[in-house]
Amino acid sequence: NHRRHLRRSMHRAAEQGGVVLEGCRELPPEQVEPLLRTCFKIERSGWKGRSGSAVLDVPAAWDFYLSQAQQLARWGEFRLHTLVHAGRPIAFEYGWQTKGVYCTPKVGYDERLASLSPGQLLRWLLLETFFATGEVAAIDFLGPASSATTRWATHRYEIDRLLVSDAGLASRGIVAAHRGLWPLLNWLRGRRTAPSPPSSVPI
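Residues numbered from 1 in each chain as written. Predicted model: local features only at pLDDT ≥ 70, side-chain atom pairs only at ≥ 80, totals over all residues. Heavy atoms only, no water.

The next subject is the overall build of the protein. The helix and strand inventory of the protein stands at seven helices and seven strands. Listed N to C, the secondary structure of the protein is α-β-α-α-α-β-β-β-α-β-α-β-α-β in terms of helices and strands. Projected onto its principal axes, the C-alpha positions of the protein cover 60 × 40 × 40 Å. Looking at the 203 residues of the protein, the share that counts as buried comes to 35%. A fraction of 66% describes how many contacts in the protein between residues 6 or more apart in sequence connect residues 24 or more apart. Of the roughly 12,100 Å² of accessible surface on the protein, 57% is carried by carbon and sulfur atoms. Side chains of the protein carry 26 positive and 18 negative charges; the gap between the two charge centres is 8 Å. (Helix = DSSP H or I, 4+ residues; strand = E, 2+ residues; numbered from the N terminus. Buried < 20%, exposed > 50% of the residue type's maximum accessible area, 1.4 Å probe, protein only. Contact = heavy atoms within 4.5 Å. Areas by Shrake-Rupley, 256 points an atom, 1.4 Å probe, with all protein chains shown as cover. Lys, Arg positive; Asp, Glu negative; His and termini not counted. Charge placed at Lys NZ, Arg CZ, Asp CG, Glu CD.)

Written out as structure tokens, the structure is:
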């Protein structure tokens, strides 16, 4: 069903002028900001922008992604892919690639063209590129499973929680209290183990 849906979406896109996958890599850190901002404007144009939760509407989130992307560019691992239609990007996928694994924590698409399934088309064309070049052995979607990622996944793995303190006494006290109270809380809830953590979905 997913394959049939993608073929129909690609056919509709072709009737409306077609789509092209473009990618950015090996960029100097100083060239990252304008490209990343253009992509996150796509996210802001949809429901996240209307709710005020888009990355560009949260200064701390934007600073984090920009700093992360610039550092990845310094390492040569930064990746930014866009799906272009009628001369403008309508979907993007931000991530990084290292040791044969492509990690993608952030995607977005223009909701006005939702009938074309631009995010899914981008991923389809990107996977074709990975298979053609052989440079990527696995894709990690870096987060809980969702309908957008499980359609592509072949398996999933569990991740765990991690609590870390700084050098302060208060922080170390909180970690110690957590270590001591967590088994008790689980016992009170009638469970012997901690709740299952969320899953990430690799291919």
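So, on to the packing of aromatic side chains. For the structure on display, the rule yields seven aromatic pairs. For the ring pair Phe40 and Tyr65, a centre distance of 5.5 Å and an interplane angle of 50° mean the geometry is tilted. Here Phe40 is found in helix 2 (residues 32-44), whereas its partner Tyr65 is found in helix 4 (residues 59-75), with 25 residues between them in sequence. Relative to Tyr94, the ring of Phe78 lies with its centre 6.1 Å away and its plane at 45°, an arrangement referred to as tilted. One end of the pair, Phe78, is in strand 2 (residues 78-85); the other, Tyr94, is in strand 3 (residues 88-98), with 16 residues separating them in the sequence. On the basis of relative accessibility, which here comes to 0%, the residue Tyr94 falls in the buried class. (Phe/Tyr/Trp six-rings, centres within 6.5 Å; stacked < 30°, edge-to-face > 60°.)

Turning to the state of the cysteines, a few remarks are in order. Using the criterion set out here, one finds zero disulfides in the structure. Between Cys24, a free cysteine, and Cys39, which holds the nearest cysteine sulfur, the sulfur-to-sulfur gap is 7.5 Å. For Cys24, a relative accessible area of 23% gives the class partly exposed. Cys39 sits in the buried class, given a relative accessible area of 2%. (Disulfide = S-S within 2.5 Å.)

Sheet strands pair by backbone hydrogen bonding; their relative direction is either parallel or antiparallel. Spatially, 1-2-3-4-5 is the arrangement adopted by the five strands of the open sheet, whose pairing is mixed. Taken across any chain shown, the strands that pair with only one partner, and hence form the sheet edges, are strand 1 (19-24) and strand 5 (138-140). On average, each strand axis in the sheet is inclined to that of its neighbour by 30°, with strand direction left out of account. Relative to strand 4 (residues 101-109), strand 3 runs antiparallel, the two sharing seven bridges. Note on strand 4: the bridge partner recorded for Trp96 is Cys103. Seen against the sheet, helix 4 touches strand 2, strand 3 and strand 4 and runs at an angle of roughly 60° to strand 3. (Pairing = 2+ DSSP bridges. Axes fitted to C-alpha atoms, helices over the stretch in contact; angles between N-to-C directions.)

With that out of the way, let us pick up the environment of Trp75. Summarising the element assignment, Trp75 is placed in helix 4. Residue class for Trp75 comes out exposed when judged on its relative accessible area of 55%. Counting along the chain gives 13 residues from Trp75 to Trp62, while the straight-line C-alpha distance between them is 20 Å.

At Lys99, a position not held by glycine, the phi torsion is positive, near 55°. Mapped onto the fold, Lys99 is located in the loop between strand 3 and strand 4. Residues other than glycine seldom take positive phi values, yet Leu142 does so here, at roughly 55°. Here Leu142 lies in the loop between strand 5 and helix 6 (147-150).

To continue, consider the side chain of Glu43. Looking at the secondary structure, you find Glu43 in helix 2. Discounting chain neighbours no more than four positions away, the residues touching Glu43 are Lys48, Gly49, Ala54, Val55, Phe92 and Lys106.

It is worth spelling out the nonpolar core at this point. Grouped burial of nonpolar side chains is what soluble globular proteins tend to show. With 20 residues, the main nonpolar core has Leu36, Phe40, Phe78 and Tyr94 as its most contacted residues. Those elements that place two or more of their residues in this core are helix 2, helix 4, strand 2 and strand 3. Here this core gets six residues from one element, more than from any other, and that element is helix 4. Dropping the residues within four chain positions of it, Leu36 is found in contact with Trp62, Tyr65, Leu66, Ala69, Leu80 and Tyr94. (Core = buried A, V, L, I, M, F, W, Y, C linked by side-chain atoms within 4.5 Å.)

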